[in-house]
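Chains, contacts and geometry: an overview
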Amino acid sequence: MGKAGKKLPSAPLAAKKAKSKKNPLFEKAPRNFRLGGDIQPKRDLTRFVKWPKYVRLQRMKRVMLMRLKVPPAINQFNMAIDK
């Protein structure tokens, strides 16, 4: 069996894609984060903050209540208005 198959049509957007010429004056160089180099990007450090005790307690309580299976007859008192 020979490999004389049909020629597939080219993709419609492939011919129209023209690569824009880059100006060498504005070429982006890789950033150097070593000593004396660029300033490091800001990171989200909220997880590593020492939170106030009341914040930690309310988060731990929330997790604990989600994990514990409380019977409905007892759980009805957790939703009290004048708590």
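Residues numbered from 1 in each chain as written. Predicted model: local features only at pLDDT ≥ 70, side-chain atom pairs only at ≥ 80, totals over all residues. Heavy atoms only, no water.

Notes on the overall build of the protein
The helix and strand tally for the protein stands at two helices and zero strands. In the protein, which comprises 83 residues, the share counted as buried stands at 1%. Here the protein displays about 9,900 Å² of accessible surface, and carbon together with sulfur accounts for 61% of that area. (Helix = DSSP H or I, 4+ residues; strand = E, 2+ residues; numbered from the N terminus. Buried < 20%, exposed > 50% of the residue type's maximum accessible area, 1.4 Å probe, protein only. Areas by Shrake-Rupley, 256 points an atom, 1.4 Å probe, with all protein chains shown as cover.)

A few points about the environment of Asp 44
Inspection of the secondary structure assignment puts Asp 44 in the segment before helix 1 (53-67). A relative accessible area of 62% places Asp 44 in the exposed class.

What to know about the packing of aromatic side chains
Scanning all chains against the criterion turns up zero aromatic pairs. The ring of Trp 51 has Arg 59 sitting right over it, with the charged end atom 4.5 Å from the ring centre. (Phe/Tyr/Trp six-rings, centres within 6.5 Å; stacked < 30°, edge-to-face > 60°. Lys NZ or Arg CZ within 6 Å of the ring centre and 35° of its normal.)

Quick notes on a nonpolar patch on the surface
On the surface, Met 64, Leu 65, Leu 68, Val 70 and Ile 74 cluster together into a nonpolar patch covering about 420 Å² of accessible area. Along the chain, Leu 68 turns up in the loop between helix 1 and helix 2 (72-75). (Patch = residues over 30% accessible without salt bridge, like charges linked within 9 Å, V, L, I, M, F, W, Y side chains within 5 Å. Salt bridge = Lys/Arg side-chain N within 4 Å of Asp/Glu carboxyl O.)

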